[in-house]
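One letter stands for each residue in the lines below.
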Amino acid sequence: MQTLAHTSDQRTQAQSSHSLSTLPSQPTSLRIVALGDSLIYGFGDPEGGGWVERLRRQWMTPESPGHALYSLGVRGDRMRQVARRLESEFRHRGELRHRVPDMIILSVGLNDSARLGRLDGKNFTDFADFEIDVADLLDQAQQLCPVVFVGMTPVNERKMPFSKCLYYNHADQYRYKQATRLACEARQIPYLDIFDCWLSRGEAWWMSRLTQDGLHPNSAGYQSILQEFLDWDAVKPWIES
């Protein structure tokens, strides 16, 4: 698994490419933004506000590394919407107004995969268009700073349709997440495959971590995502430095 890098040159040259193989030379307080859909927003977790909010709270204690984490999730967003608001969002966040972040966490794509109106309806985002949108988002983000991508969670197909019109299913989820994973791999962007990880633990395990709507993680689900993120070799040495 590859790790993130952030040299002094990369901190000042927003248009440069970013290596992912070297850790910071010394401990530093990082400025991180997380962008995406409801998985970033934390919908379904009234206890902790989602995995990003849980992580933010961990970093607010005096003994923490002092990292600042801005959660910029919007429910229902697709890949294209996140790309459109990518830079304008964090440019208006106080201390980030005159600098780029030290890291961008992305998590989006589930809503693109939904079928509209019926089980065999059209995908919300056509797959060919989705591949273009993924490339656009990743290229934009990577020009700014190091990037990591946290993948989608599996849905409970038996609970569909969501909101009486959106049909999510594992086959489409797999196709869209694979396109995202391969696009990340081509750019040396670490990808945390939550979908495969959860399915590998058995239906009883991952079903117990979804809300009644069958789409969003519950509090236990978000806690699991947080732990998987903290244990991830791609970021663990970096965020703990």
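Fair warning: this is a prediction, and the values are worked out from it, not measured in the lab.

### Notes on the overall build of the chain
Scanning the chain from terminus to terminus reveals eleven helices and seven strands. A buried classification covers 56% of the 241 residues belonging to the chain. Residue pairs in contact within the chain that sit at least 24 positions apart in sequence constitute 73% of those at least 6 positions apart. Only carbon and sulfur atoms are counted for the fraction: they give 49% of the accessible area of the chain, which is about 10,800 Å².

### Observations regarding the packing of aromatic side chains
With the rule as written, the count across this model stands at six aromatic pairs. Aromatic pair Phe149 and Tyr191: ring centres 5.6 Å apart, planes at 25°, arrangement stacked. One end of the pair, Phe149, is in strand 5 (residues 147-150); the other, Tyr191, is in strand 7 (residues 191-192), and 42 residues separate them in sequence. Through a chain of ring-to-ring contacts, the aromatic side chains of Trp51, Phe229 and Trp232 assemble into a single cluster. Positioned above the aromatic ring of Phe124 is the side chain of Arg78, whose terminal nitrogen or guanidinium carbon lies 4.0 Å from the ring centre.

### Regarding the packing of helix 3 (residues 51-58) against helix 10 (residues 219-230)
Between helix 3 and helix 10, the least distance of the axes is 8 Å, while the angle of their chain directions is 60°. Put simply, helix 3 runs oblique to helix 10. Here helix 3 and helix 10 pass one another in a crossing that is right-handed. Where helix 3 abuts helix 10, its residues Trp51, Arg54, Leu55 and Gln58 lie against Ser219, Tyr222, Gln223, Ile225, Leu226, Phe229 and Leu230. Here the contact of helix 3 with helix 10 is composed, by residue class, of seven nonpolar, three polar and one charged.

### A few points about the sheet that holds strand 3 (residues 103-107)
Pairing is parallel in the open sheet, where five strands are placed in the order 2-1-3-5-7. The sheet is open, and its two edges are formed by strand 2 (68-73) and strand 7, each paired on a single side. Summarising the sheet, strand 1 (residues 31-36) and strand 2 pair through six bridges and their orientation is parallel. Within strand 2, the residue paired with Ile32 across the bridge is Leu69. Across the sheet, helix 3 lies against strand 1, strand 2, strand 3 and strand 5, angled at about 165° from strand 2, the strand it touches most.

### A closer look at the pattern of salt bridges
Counting across every chain of the model gives 14 salt bridges. Here Arg158 ties to Glu203 by a salt bridge, and the two come within 3.5 Å at their closest N and O atoms. On the criterion of sequence distance, the pair formed by Arg158 in the loop between strand 5 and strand 6 (166-167) and Glu203 in helix 9 (residues 203-207) is long-range, its members being 45 residues apart. What makes Arg158 exposed here is its relative accessible area of 63%.

### Let's talk about the nonpolar core
Looking at soluble globular proteins, one finds that nonpolar side chains tend to be buried together. In terms of nonpolar packing, the biggest core is built from 30 residues, with Trp51, Leu55, Ile105, Val150, Ile225, Phe229 and Trp232 touching the most fellow members. Looking at this core element by element, the count peaks at five residues for helix 10. In terms of nonpolar packing, the next biggest core, distinct from the first, is built from 27 residues, Val33, Met79, Ile189 and Tyr191 among them.

### Quick notes on the side chain of Gln178
By the secondary structure assignment, Gln178 is in helix 7 (residues 170-186). A polar side-chain atom of Gln178 sits 3.0 Å from a polar atom in the side chain of Lys177.

### Section: the environment of Pro217
Residue position: Pro217 is located in the loop between helix 9 and helix 10. Sequence-distant contacts of Pro217, that is, excluding residues within four places in its chain, are made with Leu39, Phe43, Gly44, Thr153, Trp198, Arg209, Leu210, Thr211, Tyr222 and Ile225.

### A closer look at the environment of Arg118
Position of Arg118 among the secondary structure elements: in the loop between strand 4 (115-116) and helix 6 (127-144). Sequence-wise, Arg118 and Pro161 are 43 residues apart; in three dimensions their C-alpha atoms are separated by 8.1 Å. A polar contact of 2.8 Å, which involves the side chain of Arg118, links it to the side chain of Asp120.

### Let's talk about the side chain of Ser224
Relative to the helices and strands, Ser224 resides in helix 10. A polar contact of 2.9 Å, which involves the side chain of Ser224, links it to the side chain of Arg209. Beyond its immediate sequence surroundings of up to four residues, Ser224 is in contact with Trp198, Trp205 and Arg209.

The rules behind these values
- Residues numbered from 1 in each chain as written.
- Predicted model: local features only at pLDDT ≥ 70, side-chain atom pairs only at ≥ 80, totals over all residues.
- Heavy atoms only, no water.
- Helix = DSSP H or I, 4+ residues; strand = E, 2+ residues; numbered from the N terminus.
- Buried < 20%, exposed > 50% of the residue type's maximum accessible area, 1.4 Å probe, protein only.
- Contact = heavy atoms within 4.5 Å.
- Areas by Shrake-Rupley, 256 points an atom, 1.4 Å probe, with all protein chains shown as cover.
- Phe/Tyr/Trp six-rings, centres within 6.5 Å; stacked < 30°, edge-to-face > 60°.
- Lys NZ or Arg CZ within 6 Å of the ring centre and 35° of its normal.
- Axes fitted to C-alpha atoms, helices over the stretch in contact; angles between N-to-C directions.
- Parallel < 35°, antiparallel > 145°, perpendicular 65-115°, else oblique.
- Left-handed = near helix turned anticlockwise from the far one by under 90°.
- Nonpolar A, V, L, I, M, F, W, Y, C, P; charged D, E, K, R; others polar.
- Pairing = 2+ DSSP bridges.
- Salt bridge = Lys/Arg side-chain N within 4 Å of Asp/Glu carboxyl O.
- Core = buried A, V, L, I, M, F, W, Y, C linked by side-chain atoms within 4.5 Å.
- Polar contact = N/O pair within 3.5 Å; in protein donor to acceptor, adjacent residues only side chain to side chain.

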